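Residues per chain are reported as follows:
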Amino acid sequence: MANFQDIKGFNIQSKSSDPVPYAQELINNPWAGAWSSGGTKNTIMNDGAGAGSNTAGLAFGGAAPPGTTADTETYNGTSWTEVSNLNAARRSMSGTGSQTAALCIAGGEAPNFTAAVEKWNGASWTETGDLNMARGYAPGSSGTTTAALAFGGACNTPSPNVVTALTESWNGTSWTEVSDLNTARKNGAGAGVQPSTLYAGGWSAPGSAALDVNELWNGSSWTESSELNTGRNGLGGTGDTNTSVLVFGGTPPETSKTESWNGTAWTETADLAAPSEDFASSATGSNESALRASGNVSGSRSGATEEWTFSG
């Protein structure tokens, strides 16, 4: 009887063992990921926000002297392209979602906090339901355009520029207040989806020490968990659940440190190429494919991009 090679003219590739799933690869070697340089953003900014992955990214808003920008750009893994701007320029907000379906949530610095939320459909931004509480200084966020979470930040109630623990849940139409964080803070890293979120780092007041606090959201409440190895604020976080997260960068001092979370403990892994803080990153991408865009890099505002790839 003729074999497959005789009939079709080529052999079937075979493997001596089944492919190892990503989760097992991470257990086997949590240090296997690495950062590499990507394309430069067209608009150099810091204090912006982002969504998506390192091959399909989105970055928007931020501080771009002499003012605040509404600029929005998409990333294809090689270069950035300018697309439709936000309806309102802003900085120090949060972002969550994908390159084609994202939310820009709140933002501002004291005393100019906003409750405004905009939704991206892949082509343009539309104003949608406001938060119940205006807030800025990079509140945390996670989730999608139909099921999201916003938490922490700073607000003007009950006193001006107070750091808050307030958490709100989005159902695609409106925001509802739910259980507060255990530790009020701003400028931390949020990651995950609405029922499975992580919030790490941040700070509680200007001049205070950066926090190593880590909390997990289970869909109804926050629980404190194992702390970061390095406390910091102004960091980025990426992950699709609260058991698989990457955090990176931050200050003070400005750092390049990257840590990987497996649901139980943090492991220090490959550093960013340069110390960075207050950049755009995605809360809901996979921790196999994170993106750090623009921000303050080695002490100066930059348009540089770094891409994280897990290579286990």
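Just above sits the structure.
Student: Any chance you could explain the packing of aromatic side chains here in plain terms?
Tutor: Remark: the centre distance and the inter-plane angle together describe each pair of aromatic rings, the angle taken between the planes. Across all of its chains, the model carries 12 aromatic pairs by this definition. Taking 5.0 Å as the distance between ring centres and 65 degrees as the angle between the ring planes, the aromatic pair formed by Phe60 and Trp125 counts as edge-to-face. With Phe60 in strand S3 (residues 57–60) and Trp125 in strand S11 (residues 125–128), this residue pair connects regions lying 65 residues apart in the sequence. Each member of the pair, Phe60 as well as Trp125, carries the same accessibility label: buried. For the pair Trp217 and Trp222, a centre-to-centre distance of 5.4 Å together with 50 degrees between the ring planes defines the contact as tilted. Across the pair, Trp222 and Trp217 agree in class, each one buried. Each member of the aromatic cluster is reached from another via a ring pair, and the members are Trp35, Phe248, Phe279 and Trp308. In this structure, Lys41 is placed above the aromatic ring of Trp80, and the distance from its NZ or CZ to the ring centre is 5.9 Å. Residue placement shows Lys186 over the ring face of Tyr137; its charged tip is 4.1 Å from the ring centre.

Student: Teacher, can you tell me more about the sheet that holds strand S16 (residues 167–170) here?
Tutor: Whether parallel or antiparallel, the strands of a sheet pair through hydrogen bonds between backbone atoms. Reading across from one edge, S12-S13-S16-S17 is the order of the four strands in this open sheet, with antiparallel pairing throughout. Bordering the open sheet on either side are strand S12 (140–143) and strand S17 (175–178), each of which pairs with just one other strand. Put simply, the sheet's adjacent strands are angled 20 degrees from each other on average, direction ignored. Where S16 and S17 come together, four bridges link them in antiparallel fashion. Each residue of the ladder has a partner; that of Glu168, found in S17, is Glu177.

Student: Would you explain the pattern of salt bridges in this entry?
Tutor: Pairs can form between side chains of opposite charge once their charged atoms are near each other. One pass over the structure, following the stated rule, counts 10 salt bridges. One salt bridge in this structure joins Glu109 and Arg91, with 3.4 Å as the shortest N-O distance. Pair noted here: Glu109 is in the loop between strand S9 (102–107) and strand S10 (114–120) and Arg91 is in the loop between strand S7 (80–83) and strand S8 (94–97), with a separation of 18 residues, a long-range link. For Arg91, a relative accessible area of 24% corresponds to the partly exposed category. As a salt-bridge pair, Arg185 and Glu215 come within 3.2 Å of each other at their nearest N and O atoms. Within this pair, whereas Arg185 is found in the loop between S17 and strand S18 (189–193), its partner Glu215 is found in strand S20 (residues 214–217), the two being separated by 30 residues in sequence. Look at the salt bridges and you will find they share partners, linking Lys41, Asp71 and Glu73 into a network.

Student: What am I meant to see in the pairing of S10 here?
Tutor: Remark: a regular strand shows side chains that alternate across the two faces of the sheet. As paired strands, S9 and S10 are joined by five bridges and run antiparallel to one another. Within S10, the position partnered with Gly107 by the bridge is Thr114. Two successive antiparallel strands, S9 and S10, enclose a turn made up of six residues, where Gly108 displays a positive phi of approximately 110 degrees. Across four bridges, the pairing between S10 and S11 is antiparallel. Counterpart to Val117 in the pairing with S11 is Thr128. Counted between consecutive antiparallel strands, the loop separating S10 from S11 contains four residues, among which Gly122 sits at a positive phi close to 100 degrees.

Rules of the game
Residues numbered from 1 in each chain as written. Predicted model: local features only at pLDDT ≥ 70, side-chain atom pairs only at ≥ 80, totals over all residues. Heavy atoms only, no water. Phe/Tyr/Trp six-rings, centres within 6.5 Å; stacked < 30°, edge-to-face > 60°. Helix = DSSP H or I, 4+ residues; strand = E, 2+ residues; numbered from the N terminus. Buried < 20%, exposed > 50% of the residue type's maximum accessible area, 1.4 Å probe, protein only. Lys NZ or Arg CZ within 6 Å of the ring centre and 35° of its normal. Pairing = 2+ DSSP bridges. Axes fitted to C-alpha atoms, helices over the stretch in contact; angles between N-to-C directions. Salt bridge = Lys/Arg side-chain N within 4 Å of Asp/Glu carboxyl O.

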